[in-house]
Amino acid sequence: MRNLVILCAGSRMINGRPLFLMKHPDGKLIAEKAIEGIFPENYDRIIYVVLEEIDQKFGAGSRILNSIGKKYPVELVRLCGSTSGPAETVYQTIKKADIEGQLSIRDSHSYISLSEDLAGNFVAGLDLIGYEKTVDNLRSKSFIVLNEQKQILDVVEKRFCSDVISSGLYGFKQTADFIMAYDKLSTHDYPIQKLYVSHIISYLIGYSRRVFHCVAISEFEDWASPSSWMRIQKKYATYFLELETVCGTEMPYDENVINLLRRASRNGCCFIAYTSDIDVNISRLLDYMHEQKINVLQIVTGCTASKVKAIINTRELLEETVLEG
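Residues numbered from 1 in each chain as written. Predicted model: local features only at pLDDT ≥ 70, side-chain atom pairs only at ≥ 80, totals over all residues. Heavy atoms only, no water.

### A few points about the sheet that holds strand β16 (residues 296-300)
This is how it is decided: Being paired, for any two strands, means DSSP has found at least two bridges between them. Where helices and strands are cited, they refer to DSSP runs of H or I of at least four residues and of E of at least two residues respectively, numbered from the N terminus. Structural elements are reduced to axes, namely lines fitted to C-alpha atoms, with helices fitted over the stretch in contact, and the angle between N-to-C directions of any two is expressed from 0 to 180 degrees.
Taken together, the three strands give an open sheet; going across it, the order is β14-β15-β16, and neighbouring strands pair in parallel fashion. Looking at which strands have only one partner, the edges of the open sheet turn out to be β14 (238-242) and β16. Geometrically, the sheet is characterised by an average inter-axis angle of 20° between neighbouring strands, direction not taken into account. Two elements, β14 and strand β15 (residues 270-274), share five bridges in a ladder whose sense is parallel. Within β15, the position partnered with Phe240 by the bridge is Ile272.

Written out as structure tokens, the structure reads:
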């Protein structure tokens, strides 16, 4: 039996709503994006862990089941209150859901993509040396210490000790190993106030001679901090493109401009192009943009020549605009 547990009980809030219930810019629920790239179809059970209070206030359970339950064997575990840390959250979930067999644990604060399905004892890691994009708030990450064979020597919380960080996906060949390690670390012999999954793995490596491997991920998209969340919003932004000013009036457009628009489209942006010209052949221009692999959703003609362009996305802004006019 293969089990996947997704931790949503400690999810941070954005504008008063839990992160895992927000929508990714591509339209999917964050709770779904968190498992999208890790072969969720290969699990026998997919168990989301939420707080009962959050479920009652935001309808978390029904949203997850309605959005993801049609695709995968999704279950929900509701916890009565906050736990002392991620390890206790997993432990309570194992007990409540009677989990046995292989166990994978996934946080809900990032998207990762695997090149192959993973099983057994593992941690999915991100090598910062080879990763070209920005990773925010490294102080909050766990760092993986490896030997030359990519076997894990230790996983250390929030202390810079290697070039590889955990991407928030952990695997255990046997759920019983997790239970045993948690029970040991919960005694007075180990005065750890907040138990992380990394502590469980460290114990199993150091005291039970379990072998864990680090597996590299092929893509990583972090949502854990306000700055990283805003970066994702900008990456997938919708831009309004004034054709005369940016591109000119005649096709083909300047190659430098085309390359920039193509690159932005490849990164996830889309464009709504507009012009004051009413005689533009919209169909021909759209075909040209798509041939250049530029993600133009629509072309609007006959706009005013005014350089003031504004988006009205609240009623308050509508009232201000009308009153000021």
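Next comes the rest of the account.
### Regarding the pattern of salt bridges
Oppositely charged side chains can pair when the atoms bearing their charge come close. How we decide: Salt bridges are identified by distance alone: a Lys or Arg side-chain nitrogen within 4 Å of an Asp or Glu carboxyl oxygen. Each residue's exposure class comes from its accessible area (1.4 Å probe, protein chains only) as a fraction of the maximum for that residue type: buried when under 20%, exposed when over 50%, partly exposed otherwise.
Under the counting rule described, the total for this entry stands at 15 salt bridges. The partner of Lys28 in a salt bridge is Glu36, and the shortest N-O contact between them spans 2.3 Å. Under the relative-accessibility criterion, Lys28 is labelled partly exposed at 31%. When its relative accessible area of 26% is taken as the criterion, Glu36 is described as partly exposed. In this structure, Glu221 and Lys235 form a salt bridge, with 3.7 Å as the shortest nitrogen-oxygen distance. Here Glu221, found in strand β13 (residues 219-222), pairs with Lys235, found in helix α7 (residues 226-235); they are 14 residues apart in sequence, far enough to count as distant. With a relative accessible area of 7%, Glu221 lands in the buried category. Residue Lys235 is classed as partly exposed on the basis of its relative accessible area, which comes to 26%.

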